[in-house]
Amino acid sequence: VCAYLLCLSFASASGDRQWGLKALTAVFLLTGAVFGLYAVLLVTRHLPGFLEGYVFWDGPRFGTMGHPNICATVLMVSIGLTMGCALNAQKLKLPLLCLSALEFWALCLTNSRATIVLTCALVGGIVFCLLRGPKRKQILLALAAAAAVMVLLFCVSRWVYAWNTRRLTQQVQRAQLTGEAVGVELDKNGQLKTQNGQDTFAGSMKTLNGRTEIWAAAMQALRDHPHILLTGTEHAGDIISPYWTRMDTLHAHNSWLQALFQLGIPGLLAALALTGMAVWNGVALLWRNDHLTHSCVAMVVLCLLGCAMLEPYLFTVNAQFHYFDFLFLLSLGYMNQWRRQKLYGEGARENV
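Treat the numbers as computed from the prediction; the structure is a model and nothing was measured. (Residues numbered from 1 in each chain as written. Predicted model: local features only at pLDDT ≥ 70, side-chain atom pairs only at ≥ 80, totals over all residues. Heavy atoms only, no water.)

Enquirer: Help me get a handle on the overall build of the chain, residues and values and all.
Expert: Summing up its helical and strand segments, the chain has 15 helices and two strands in all. The C-alpha radius of gyration computed for the chain amounts to 21 Å, which stays within 12% of the reference 20 Å derived for 352 residues, consistent with globular compactness. Taken over the C-alpha atoms alone, the chain extends approximately 70 × 55 × 40 Å along its principal axes. Burial status across the chain gives 50% buried among its 352 residues. Sequence separation of at least 24 residues holds for 68% of the intrachain contacts in the chain that already meet a minimum separation of 6. Only carbon and sulfur atoms are counted for the fraction: they give 65% of the accessible area of the chain, which is about 17400 Å². (Helix = DSSP H or I, 4+ residues; strand = E, 2+ residues; numbered from the N terminus. Rg over C-alpha atoms; globule rule 2.2 N^0.38 Å. Buried < 20%, exposed > 50% of the residue type's maximum accessible area, 1.4 Å probe, protein only. Contact = heavy atoms within 4.5 Å. Areas by Shrake-Rupley, 256 points an atom, 1.4 Å probe, with all protein chains shown as cover.)

Enquirer: Kindly report on the pattern of salt bridges, identifying the contributing residues and their values.
Expert: All chains considered together, the criterion is met by three salt bridges. We note a salt bridge from R211 to E311, for which the minimum N-O separation is 2.5 Å. Remark: E311 occurs in the loop between α13 (292-308) and α14 (322-344) and R211 occurs in helix α9 (residues 211-224); sequence separation between them is 100 residues. E311 carries the same exposure label as R211, and that label is buried. When the shortest N-O distance is used, the salt bridge between R288 and D290 registers 3.6 Å. You can call R288 partly exposed: its relative accessible area is 40%. The class for D290 is partly exposed, based on a relative accessible area of 44%. (Salt bridge = Lys/Arg side-chain N within 4 Å of Asp/Glu carboxyl O.)

Enquirer: I'd like a description of the packing of helix α6 (residues 113-131) against helix α7 (residues 136-178), backed by residues and values.
Expert: Each pair of packed helices can be summarised by the angle the axes make with each other and by the distance between the axes. In the contact formed by α6 and α7, the axes pass within 8 Å of each other and the chain directions differ by 150°. Considered as vectors, α6 and α7 are oriented roughly antiparallel to each other. Crossing handedness for the pair α6 and α7: right-handed. On α7, the residues touching R113, I116, V117, C120, A121, V123, G124, V127, F128 and L131 of α6 are Q138, I139, A142, L143, A145, A146, V149, M150, L153, F154, S157 and R158. Residue composition of the contact of α6 with α7, grouped by class: 17 nonpolar, three polar and two charged. (Axes fitted to C-alpha atoms, helices over the stretch in contact; angles between N-to-C directions. Parallel < 35°, antiparallel > 145°, perpendicular 65-115°, else oblique. Left-handed = near helix turned anticlockwise from the far one by under 90°. Nonpolar A, V, L, I, M, F, W, Y, C, P; charged D, E, K, R; others polar.)

Enquirer: Describe the nonpolar core, with residues and values.
Expert: Residues W57, F62, V77, F315 and F328 are the most contacted members of the largest nonpolar core, which totals 83 residues. If we ignore the near neighbours within four places in the chain, the residues touching V77 are F28, V300, L304 and L327. Counting residues in each nonpolar core, the second largest holds 16 residues, with L222, I240, A252 and F261 among its members. (Core = buried A, V, L, I, M, F, W, Y, C linked by side-chain atoms within 4.5 Å.)

Enquirer: Which residues make up the packing of aromatic side chains, and what values do they have?
Expert: Using the criterion set out here, one finds nine aromatic pairs in the structure. A centroid spacing of 4.7 Å and a plane angle of 50° characterise the contact between Y313 and F324, whose relative ring orientation is tilted. Of the two residues, Y313 sits in the loop between α13 and α14 while F324 sits in helix α14, which places them 11 residues apart along the sequence. Using a relative accessible area of 0% as the deciding quantity, one classes F324 as buried. Ring geometry for Y334 versus W338: centroids 5.9 Å apart, planes at 40°, classification tilted. Taken together, the residues span about one helical turn, with Y334 and W338 both in helix α14 at a distance of four residues. When sorted by exposure, Y334 lands in the same class as W338, which is buried. A cation sits over an aromatic face here: R167 above W163, 5.4 Å from the ring centre. When the ring centre of W280 is taken as reference, the NZ or CZ atom of R339 above it lies at 4.0 Å. (Phe/Tyr/Trp six-rings, centres within 6.5 Å; stacked < 30°, edge-to-face > 60°. Lys NZ or Arg CZ within 6 Å of the ring centre and 35° of its normal.)

Without other data, these values stay purely geometric and don't point to any function.
See below:
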């Protein structure tokens, strides 16, 4: 509740001078740069010893902050905000675009496929906003350019991950002959060992890498424990796990379902209200598209909602994900201010 009271109302309370959003953007830009540097050090095998265990290969996947998927989402947000800054920068445009490229390269190494797809859509959406004109032909050309960028980026991501997998596999094979430690191992099938296994891209599409099965287990758990719908529970993972026998799960792998488990139906309704606000404000800002920074922030928020479909990043989060929810709520407050000002003029600021 404190996070909601602080972040959601911040734009209105601060007079919408955007210093709060600028400060948080700087944090994500610096974090994206650090993650990119981590990836370079890991690939070149120059990672300092004190970072071992914090920056790692999970099989062929680059990870930090506990899981490659979390790392990937941080990089996705950083890419969107970095590009937004680059579009409005005068002297630092090229360095910021180079930073975006470094962040995307590090993102490719995570092989967090849903996040990569959303990032391709994010960059494609920014390209569309940049090129879109008032005429129908200009809109069609902008759509074509955005689609081409999305496809190109996705193909690049698959190539980078395949390159890294081959490179690491060859390193391990050489290390087996020399006795050198490389931080990764091969399993009995000759594949790189991983703690967070992934099916093939096509295979994962059937169950979203097991998530649809977890959601089905969660719904069965709710049917067997209907009191959760009113009172909620602090132990969602413990309740869901017996219904999904493949392994224990810590959460529902969906932000709205997690809100339902933790706060019951009232929590779900609050999450849906915030979702409606985010979609409404985001679509309104993108439709007008009269300020590229506003459009970039809207794209980041909508892509965060996409990531929240698969992970409990929003609404009722633990300490591991507070920064995603913090950014979401803060940006949502700014987006609501921007939309009202565009509709009603500067006088709307006093009425929010």
